[in-house]
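Close look at the chain arrangement
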Amino acid sequence: MAAEKTSPGLVEVEKTSPEVSGMGHRMKRKEDSRFLQGRGNYVDDVNLPHMVYGHMVRSPYAHARIKSINAEAAKKLPGVLAIITGEDLAKANLAWMPTLFFDKQMVLATGKVLFQAQEVAFVVAEDRYIAADAAELVEVEYEELPVLVDPYKATDPASPILREDREEKSNHIFHWEVGDKAATDKAFADAAVKSKVHAISQRCHPAPLETCGCVADYNKATERFTIYLTSQAPHAHRTLFALVAGLPEQNIRVVSPDIGGGFGNKVPIYPGYVCAVVASLTLGVPVKWIETRSENLQSTGFARDYHMTAELAADKDGKIKAMRVKTLADHGAFNAAAQPTKFPAGLFSVCTGSYDYPAAFCEVDGVYTNKAPGGIAYRCSFRITEAAYLIERAVDVLALDLKMDPAELRRKNFIQPEKFPYATPLGWTYDSGNYEGALNKALEMVGYKELRKEQEEKRKKGELMGIGISSFTEAVGAGPAHTFDIAGIKMFDSAEIRIHPTGKAICRMGTKSQGQGHETTYAQIVAQELGIPAKDVIVEEGDTDTAPYGLGTYASRSTPTSGAATAMAARKIRDKARKIAAFLLEASEEDLIWEPGKFFVRGAPGKAKTIQEIAFAAYTNIPPGLEAGLEAINYYDPPNLTFPFGTYISVVDIDKGTGEVKVRKFVAVDDCGNVINPMIVEGQIHGGLTEGLAIAFMQEIGYDENGNVSGGTFMDYLVPTAVETPHWDTGLTCTPSPHHPFGAKGVGESPNVGSPAAFVNSVVDALSHLGVKHIDMPITPWKVWNILKEKGLTG
Amino acid sequence: MAKKELIHVKINGKDREAPAEPRLLLVHFIREQLGLTGTHVGCDTSNCGACTVILNGRSVKSCTVFAVQADGGEIMTVEGLPSNGALHPLQEGFKEEHGLQCGFCTPGMLMSSYALLKKNPKPSEEEIRWGISGNLCRCTGYQNIVKAVQYASKKMAQGGK
Amino acid sequence: MAVTIEKTFRVGESADKVWAILSDPKKVALCVPGAQITEQVDNKTYKGAIKVKVGPSVTDFKGEVKVVRLDEHAHEIEILGKGQDVRGKGSASMKMTGKLRNVDGGTEVVSTSELNVVGILAQMGARVITEVSNIMFEQFVNNFKKQLQSPEDMSAEAAKPISGVGLAFSALKASFSRHDDKSNGSAESDPGKK
């Protein structure tokens with residue numbers, strides 16, 4: 001699938017030969033071999049001598065005081081080695097730990113519990129069955145307290161105050177605002193048309209197929225602590241363990257082996273990890289803790305739970321003048337948001353979207369409730385999906401109000417290519433974009449005009465069919481040191497490349513793949529920059545003893561940060577290679593021309609040295625004055641975020657008898673700049689769209705008035721199977737990032753960011769002629785059927 | 001803890017035996033007693049299929065079978081996909097068509113596909129989707145998995161075993 | 001999670017005879033499988049326990065039963081029960097009203113219960129709770145009828161475990177048939193043997 005380059009003049013990438021397999025090649029993945037043969041090494045596959053197992057005792061109540069914990073019966077069970085409670089941890093100052101966002105959370109409950117499934121005690125036993133038995137025998141006496149699950153009631157004086165540990169006795173966490181309120185208010189006052197939508201991005205959960213877990217191995221003899229961890233950010237976790245547990249950082253080794261999916265769920269540090277670490281320190285043997293799926297869904301990092309209101313002010317021709325946004329963020333019992341420190345609402349302020357207008361104002365209030373803590377960035381840059389969903393819904397509602405075609409309304413308002421770099425009214429500088437290019441391609445691929453005709457015909461017959469568009473822009477690759485840090489650590493990333501005498505290479509990066517194919521894609525970057533065949537390049541990530549420091553993989557940041565670092569390190573190597581080549585060829589450096597894989601003398605192409613020959617010379621025939629070896633390391637501080645974008649179009653048919661929505665066709669046109677491996681990009685799009693489908697139609701982590709969680713197992717939290725998942729039609733346009741070393745932007749999350757709005761827009765479009773303007777996700781058949789019933793349409 | 005029984009199985013062509021208490025799940029028996037960690041656990045309600053193995057010729061979710069139920073039986077796990085030294089056409093198909101990303105669902109997916117192709121060597125796309133509907137994947141969106149199974153079906157029809 | 005359950009059943013005895021049992025929580029407890037009154041706090045309040053077994057899963061609730069309203073003339077009783085699982089797995093509270101009506105050949109008992117469950121049971125239990133309640137209710141009705149006929153023979157019955165198979169069949173049956181309270185109340189077969 002060749003991408004049409006729509007912005008010539010930006011970073012051009014020349015394709016290498018298939019043998020070298022640099023950028024743009026559909027190289028088959030190097031990591032597949034072991035996974036296909038069942039030889040992956042996931043955390044639960046780690047088996048160490050004398051290893052024991054941990055199991056968590058959890059609260060059934062959403063809000064209750066702990067009157068007593070009686071572990072006597074549990075302790076007596078043969079095979080039980082230890083039972084740790086909050087009281088025990090408190091003695092080592094570990095009952096609470098800092099979250100990634102200026103708050104703290106209980107490791108094991110002390111005093112009271114604040115959400116159903118909260119960790120109360122940790123049992124360690126010889127095998128996992130005994131540990132589970134023992135957990136059942138731990139008797140906890142609770143005194144139930146009134147429960148708060150409605151975020152809108154959080155600041156009600158009648159609501160219980162959840163966090164007694166905080167100085168300020170309030171359930172309100174933060175208020176954040178950005179933009180020009182006065183200018184925005186004025187634009188609204190003067191506007192001919194005002195439209196409004198209240199859209200909920202419901203609480204959902206990334207649910208990677210592998211749950212979270214660790215093997216904590218304290219070696220008394222060496223005093224070194226190895227933690228095999230499901231971690232998307234091993235170095236950050238190492239530093240946090242050092243700071244929180246007071247362990248010397250040089251003695252901690254975090255190993256993220258193969259990770260079975262992350263999607264943001266494996267960014268926080270969970271109580272189970274800390275308990276396993278404490279248990280191993282105490283018992284001196286490896287302690288394995290692997291959570292069950294129920295525990296994963298009910299207690300680990302949830303996503304979204306943003307209750308948003310957006311207003312757009314426009315003139316009567318549909319030109320948007322301003323946007324006003326007010327959002328209520330439900331963080332659960334602790335603010336465990338995984339976000340850069342300056343952004344309590346993440347990058348939500350990209351909610352102005354792909355559109356060109358001068359004024360906007362956005363405010364977000366965060367509150368506590370008796371729910372699991374969070375929220376994390378589920379396959380999106382922090383809060384970007386919420387933002388993209390909001391603006392794309394708002395634009396569709398405006399189109400309805402104006403009785404304008406939603407594609408035309410978007411086209412009218414897009415930021416034009418020549419306006420980039422574009423400063424949005426809420427403070428972001430988009431690097432490059434060609435929104436109309438993506439829109440046009442998507443409209444063509446889906447056959448928009450014919451579909452609208454078909455819809456008209458169907459409406460006359462009373463049949464329900466809808467077309468929904470989402471033209472999203474997202475911001476990824478966090479991020480520049482001047483603005484971005486997580487828990488104080490700046491968000492650079494790294495790559496270290498070492499070339500061996502025979503011209504092969506090993507690289508290590510500070511990121512950590514959970515399925516994104518880094519072992520292949522980074523090798524392709526090295527192949528592109530140095531002409532060494534990608535198959536000759538080994539890529540390693542995840543071992544903090546060997547990999548250079550990095551902030552990990554999430555928020556689509558790997559290609560923008562470590563990918564860039566890889567290119568920069570490779571270029572440093574190329575600089576040294578030039579010196580060695582000049583020495584070998586007895587020419588001056590300026591007279592050498594580089595072609596992927598070799599230097600040759602200007603005017604004498606026969607006088608050349610391949611990179612392999614140069615590598616060999618680096619160890620055997622070292623130029624005087626130069627150090628031996630051929631390697632480099634780069635820590636890359638990106639000058640800006642990158643802004644991938646696209647247009648997605650969803651076509652749905654609704655069954656009037658059952659309310660079931662069938663996605664008949666879905667077109668996804670993405671622009672992530674220059675592409676490393678188109679095959680991998682397609683795979684990412686397919687996967688992300690499937691997650692978006694689930695969020696739009698099937699998923700919610702809900703809480704009843706007593707704080708009981710629904711959607712706490714896969715019986716109720718639905719993951720689409722191959723049957724529900726439609727066929728995805730994908731396409732690419734290419735608008736390189738002007739500031740990235742090879743013009744790439746990152747793409748893994750775009751499909752999850754852009755698709756929920758497309759799905760919802762298509763369902764609303766199917767029903768808009770009946771007066772429906774908005775339906776909140778998940779759009780279940782039951783919801784649709786009730787709307788149809790209300791309109792007198794049930795078949 | 002109840003008394004352990006010695007369970008005998010023929011797994012991936014080899015005779016193996018190991019102790020198991022009555023409530024030990026087959027998936028734990030395979031992973032821990034027999035040391036074959038290719039089969040994975042992805043949920044606790046029998047929904048995800050990551051634990052799929054072939055037991056006495058049929059695909060089963062090994063998290064919902066007790067080890068004692070498999071006593072005397074024949075098991076095939078992903079480690080035993082017949083290969084004659086090379087990759088099985090299914091494994092080849094998954095690689096060629098990019099049918100895996102994180103790899104966690106892959107063993108179960110391969111076993112379900114294997115069982116499907118045994119029953120129905122030339123499945124349509126719809127039959128493939130139904131055939132693997134007991135296996136959840138969060139990464140691929142299934143599209144390339146379908147292509148992988150089609151690749152294998154074609155190759156096996158041409159005689160490539 | 002709140003569940004409302006309405007049940008009606010008929011017996012051949014007179015309303016006065018039925019009232020004699022229904023108005024006495026100690027006697028009612030004898031009919032509920034796995035339940036016992038452990039202490040009488042005052043003339044309206046009792047302490048009690050109930051053990052609910054579903055297949056291999058056992059929940060022991062300890063709590064309090066209060067007679068909120070007792071109307072001798074209208075033959076209406078309202079009780080409030082609250083209990084906590086002794087191992088800390090959750091809690092349940094129930095408000096139940098019982099009314100008697102004279103009908104041809106005997107008495108009709110109408111009961112309405114509002115059941116609120118918190119904890120693990122509530123998560124797994126939304127589907128299961130209704131079915132468990134149905135099965136428990138059928139056992140209750142049988143015991144109630146026995147007690148009406150020979151009150152001296154009653155002793156606290158050990159909790160009859162509800163078999164997992166029985167539960168599955170009951171759930172299946174319920175999903176195919178309409179919820180007809182009368183047909184539930186007159187079930188002839190022994191509920192423990194489904």
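Residues numbered from 1 in each chain as written. Chains lettered and ligands numbered in written order. Predicted model: local features only at pLDDT ≥ 70, side-chain atom pairs only at ≥ 80, totals over all residues. Heavy atoms only, no water.

**Details of the overall build of chain C**
The secondary structure content of chain C amounts to five helices and seven strands. Along chain C, helices (α) and strands (β) appear in the sequence β-α-α-β-β-β-β-β-β-α-α-α when read from the amino end. Here the analysis covers contacts within chain C between residues at least 6 apart in sequence; of these, 55% occur between residues at least 24 apart. Counting only carbon and sulfur atoms, one obtains 55% of the accessible surface of chain C, whose full area is about 10,300 Å². (Helix = DSSP H or I, 4+ residues; strand = E, 2+ residues; numbered from the N terminus. Contact = heavy atoms within 4.5 Å. Areas by Shrake-Rupley, 256 points an atom, 1.4 Å probe, with all protein chains shown as cover.)

**A look at the packing of helix H3 (residues 106–119) of chain B against helix H5 (residues 143–157) of chain B**
All names here are of chain B. Between H3 and H5, the shortest axis-to-axis distance is 11 Å and the interhelical angle comes to 45°. Taken together, H3 and H5 sit at an angle that is classed as oblique. For the crossing formed where H3 meets H5, the hand is right-handed. Residues Met109, Ser113, Leu116 and Leu117 of H3 form the contact with H5, whose own contacting residues are Ile145, Val149, Ala152, Ser153 and Met156. (Axes fitted to C-alpha atoms, helices over the stretch in contact; angles between N-to-C directions. Parallel < 35°, antiparallel > 145°, perpendicular 65-115°, else oblique. Left-handed = near helix turned anticlockwise from the far one by under 90°.)

**A few points about the sheet that holds strand E32 (residues 631–636) of chain A**
Residue and element names in this part refer to chain A. Spatial strand order, E28-E27-E26-E32: four strands in an open sheet with mixed pairing. Edge positions in the sheet fall to strand E28 (537–541) and E32, since each has one partner strand and no second. Across the sheet, the mean angle from the axis of one strand to that of its neighbour is 15°, orientation sign disregarded. Pairing geometry for strand E26 (residues 493–499) and strand E27 (residues 505–509), over five bridges, is antiparallel. (Pairing = 2+ DSSP bridges.)

**Some thoughts on the environment of Cys48 of chain B**
Positionally, Cys48 of chain B belongs in the loop between helix H1 (26–33) and strand E3 (52–55). Overall, the relative accessible area of 3% leaves Cys48 of chain B in the buried class. For the pair formed by Cys48 of chain B and Cys137 of chain B, sequence separation is 89 residues and the distance between their alpha carbons is 8.1 Å. With residues up to four places along the chain from it excluded, the contact list for Cys48 of chain B reads Leu209 and Phe714 of chain A together with Gly42, Cys43, Gly134, Asn135 and Leu136 of chain B. (Buried < 20%, exposed > 50% of the residue type's maximum accessible area, 1.4 Å probe, protein only.)

**Re the packing of aromatic side chains**
All names here are of chain A. In total, this model carries 35 aromatic pairs over all chains according to the counting rule given. Look at Tyr218 and Phe225: their rings are 5.5 Å apart centre to centre, the planes differ by 40°, and that puts the pair in the tilted class. Residues Tyr218 and Phe225 agree in their burial class; the two are buried. Put simply, the rings of Phe472, Tyr648, Phe666, Phe697, Trp728 and Phe759 pair up and form one aromatic cluster. When the ring centre of Phe35 is taken as origin, the NZ or CZ atom of Arg34, which lies over that ring, is 4.7 Å away. The ring of Tyr368 is capped by Arg163, whose NZ or CZ atom sits 4.8 Å from the centre of that ring. (Phe/Tyr/Trp six-rings, centres within 6.5 Å; stacked < 30°, edge-to-face > 60°. Lys NZ or Arg CZ within 6 Å of the ring centre and 35° of its normal.)

**Examining unusual backbone geometry**
That bond from Phe420 of chain A to Pro421 of chain A is cis: its omega, -5°, falls within 30 degrees of zero. Tracing the sequence through the fold places Pro421 of chain A in the loop between helix H10 (406–413) and strand E21 (422–423). Residue Pro778 of chain A is reached from Met777 of chain A by a cis peptide bond, and omega for that bond is -5°. The phi dihedral of Ala207 of chain A falls on the positive side, at around 40°, and the residue is not glycine. Inspection of the secondary structure assignment puts Ala207 of chain A in the loop between strand E11 (193–201) and strand E12 (213–219). Its identity as a non-glycine residue notwithstanding, His98 of chain B has a phi of 60°, on the positive side. Among the structural elements, His98 of chain B can be located in the loop between helix H2 (89–96) and H3. Taking the relative accessible area as the measure of exposure, His98 of chain B reaches 1% and is therefore buried.

**Concerning helix H4 (residues 128–137) of chain A**
Residue pairs three or four apart in sequence face the same way in an α-helix, which turns once every 3.6 residues. All of the buried residues in H4 of chain A are Arg128, Tyr129, Ile130, Ala131, Ala134 and Ala135 of chain A. Lining the buried residues of H4 of chain A we find strand E2 (52–58), helix H2 (72–76), strand E4 (80–85), strand E8 (119–125) and strand E15 (287–290) of chain A together with H1 of chain B.

**Points about the interface of chain B and chain A**
Counting residues at the interface gives 49 residues for chain B and 56 residues for chain A. Run the count over chain B and chain A and you get four salt bridges. One salt bridge connects Asp133 of chain A with Arg23 of chain B, and the closest N-O pair in it is separated by 2.6 Å. Summed over the shared surface of chain B and chain A, the result is 26 residue pairs in polar contact (both at pLDDT 80 or more). Across the side of chain B that touches chain A, the residue classes break down as 21 nonpolar, 17 polar and eleven charged. (Salt bridge = Lys/Arg side-chain N within 4 Å of Asp/Glu carboxyl O. Polar contact = N/O pair within 3.5 Å; in protein donor to acceptor, adjacent residues only side chain to side chain. Nonpolar A, V, L, I, M, F, W, Y, C, P; charged D, E, K, R; others polar.)

**Observations concerning the environment of His50 of chain A**
Residues and elements named next belong to chain A. As for its position among the elements, His50 is in the loop between helix H1 (32–36) and E2. Between the C-alpha atom of His50 and that of Val215, which follows or precedes it by 165 residues, the distance is 12 Å. Non-local contacts of His50, meaning those with residues more than four positions away in its chain, are made with Val285 and Pro286.

**A short note on the state of the cysteines**
Residues and elements named next belong to chain A. Summed over all chains, the structure comprises zero disulfides over all chains. For Cys204, which is in no disulfide, the shortest distance to another cysteine sulfur is to Cys380 and amounts to 9.1 Å. We note that Cys362 lacks a disulfide partner, and the nearest cysteine sulfur, in Cys351, lies 4.4 Å from it. (Disulfide = S-S within 2.5 Å.)

**Some remarks on the interface of chain C and chain A**
Taken together, the contact pairs 18 residues of chain C with 19 residues of chain A. For the chain C and chain A pair, buried surface summed over both sides reaches about 1,500 Å², with 41% attributable to carbon and sulfur atoms. Taken together, the connections running from chain C to chain A amount to zero salt bridges. In this structure, the connection of chain C to chain A is made through eight residue pairs in polar contact (both at pLDDT 80 or more). (Buried area = accessible area lost by both parts, 1.4 Å probe.)

**Re the sheet that holds strand E9 (residues 139–144) of chain A**
In a beta sheet, neighbouring strands are held together by backbone hydrogen bonds and run either parallel or antiparallel to one another. The sheet built from three strands is open, its strands ordered E7-E3-E9 (chain A) with antiparallel pairing. Both edges of this open sheet fall to strand E7 (112–113) and E9 of chain A, since each of them pairs with a single strand only.

**As for the domain arrangement of chain B**
All names here are of chain B. Assigned domains within chain B: domain 1 (5–80) and domain 2 (89–157). In this complex, domain 1 contributes 16 residues to the contact, which on the side of domain 2 involves 13 residues. Across the interface of domain 1 and domain 2, roughly 1,100 Å² is buried in total on both sides, 68% from carbon and sulfur atoms. Three residues stand out in domain 1 for area buried against domain 2, namely His40, Thr52 and Val78, and they jointly supply 40% of the buried area on that side. Here domain 1 is connected to domain 2 by zero salt bridges. The tally of links between domain 1 and domain 2 comes to four residue pairs in polar contact (both at pLDDT 80 or more). Those elements giving two or more residues to the side of domain 1 that touches domain 2 turn out to be E3 and strand E4 (58–61). Per element, the largest residue contribution to the side of domain 1 that touches domain 2 is three residues, and it comes from E3. (Domains from an automatic or database assignment.)

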